[in-house]
Amino acid sequence: MQIIRALDELQTVLSLGHYATDTLALVPTMGALHDGHLALVAEGKRVADRVAATIFVNPTQFNDPKDLERYPRTEEADLEKLEAAGCDLVWLPTPDQLYPAGFATSISVKGVSERWEGEHRPGHFDGVATVVAKLLLAVRPGVAIFGEKDWQQLAVIRRMATDLGLGIGILGYPTVREADGLAMSSRNALLSAAERAQAVAIPRVLADVSREILTGEAIAAALARGKARLLDAGFSEVDYLALVDERSLEPLESSGEHMRLLVAAKLGAVRLIDNYSVTSEQQVSW
Ligand SMILES: Nc1ncnc2c1ncn2[C@@H]1O[C@H](COP(=O)(O)OP(=O)(O)OP(=O)(O)O)[C@@H](O)[C@H]1O
Ligand SMILES: CC(C)(CO)[C@@H](O)C(=O)[O-]
Ligand code: BAL
């Protein structure tokens, strides 16, 4: 696996050898890698000849400086995991490579970015859209792969790539979960043992509220009960638990197609997000 830190080195490597002719899949990450990230790398190997990953804790998408400071960083272990997963190349840019002095551009995606995470983390999606555009333009893969765990982020990135005509396919990959249903997330490493046990309330509430909606219970009441259950389980705040149209991210007041539950809630200092497709085909294993 080639480990690259400098932008000019990246450009040289990409123009030589296999990279000049093979199809390339890119998996952008912020490091602290877990099996969810490695599943994206495996998907990259399935759909392309070569897989590249990036590790960059992007400061401009953190609205809360404490969140940025606490964000887990495990570079050595990350590189070992990527190599073992068969990743061909990893680029670890520095903030000044991506944002040199005088950098003054921001990509702001309207519509899908405005509610939910956009409302609770002001500026977050501008930071994400801008850095993802920069990473995609630097690497120029055929496809880039993102997790459905960050459902709204995936919608924002798809919109950005379409609107800017990047010509890079944006692929989503289903959420990888722990055996008890908790979505894998780098921030799970920040939970205490007690908080980790409480966190399982998120997938349980999502599965139960989904079932209630599918069996015709009133949506507002089902959401209110779900929120109360999260608070009872020990969450200090539920930023939102909402039923949305999974394409537009607009809230739904009645049942229909393309329904998805979105949730963000705080356990102590850790804020977790998850989402769940509301369809009768959804198989729950927890
Ligand atoms: N459990 C998961 N299953 C599938 N993809 C995932 C999962 N967790 C993260 N990803 C995806 O991995 C990519 C990199 O995400 P990131 O490095 O922010 O990790 P993370 O686990 O989402 O961390 P955090 O939620 O704490 O920011 C994103 O496309 C994200 O959606
Ligand atoms: C897409 C991303 C790598 C941009 O910094 C980040 O938001 C993430 O890891 O989900
Ligand atoms: N995985 C989403 C990136 C973030 O929380 O900033």
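Thresholds, definitions, all that
Residues numbered from 1 in each chain as written. Chains lettered and ligands numbered in written order. Predicted model: local features only at pLDDT ≥ 70, side-chain atom pairs only at ≥ 80, totals over all residues. Helix = DSSP H or I, 4+ residues; strand = E, 2+ residues; numbered from the N terminus. Expected span 1.5 Å × (residues − 1). Buried ≥ 20, exposed ≤ 12 C-beta atoms within 10 Å, placed from the backbone. Contact = placed C-beta atoms within 7 Å. Near = placed C-beta within 6 Å. Nonpolar A, V, L, I, M, F, W, Y, C, P; charged D, E, K, R; others polar. Domains from an automatic or database assignment.

## Description of helix α3 (residues 35-47)
Inference 1: Over its 13 residues, α3 runs 18 Å from end to end, which matches the ideal 18 Å to within 8%, given 1.5 Å per residue.
Inference 2: Taken residue by residue, α3 has Gly-36, His-37, Leu-38, Leu-40, Val-41, Glu-43 and Gly-44 as its buried positions.
Inference 3: Contacts from the buried residues of α3 go to β2 (24-29), β3 (50-55), α5 (75-84), β5 (143-147) and β6 (169-173).

## A look at the site of ligand 2
Inference 1: Neighbouring ligand 2 are the residues Pro-28, Thr-29, Met-30, Asn-58, Gln-61, Val-128, Val-131, Val-132, Asp-150 and Gln-153.
Inference 2: For the shell around ligand 2, the element with the highest residue contribution is helix α8 (residues 124-139), accounting for 3 residues.
Inference 3: Looking at side-chain class alone, the shell around ligand 2 contains 5 nonpolar, 4 polar and 1 charged residues.

## A word on the domain arrangement of the protein
Inference 1: The domain boundaries assigned to the protein delineate domain 1 (2-173) and domain 2 (186-274).
Inference 2: Taken over C-alpha atoms, the centre of domain 1 sits 26 Å from the centre of domain 2.
Inference 3: Contact residues are listed per partner, giving 14 residues for domain 1 and 12 residues for domain 2.
Inference 4: Contributing elements (two or more residues each) for the side of domain 1 that touches domain 2: α7 (117-120) and α9 (151-163).
Inference 5: Top element by residues in the side of domain 1 that touches domain 2 is α9. It accounts for 3 residues.
Inference 6: Split by residue class, the side of domain 1 that touches domain 2 holds 7 nonpolar, 3 polar and 4 charged.

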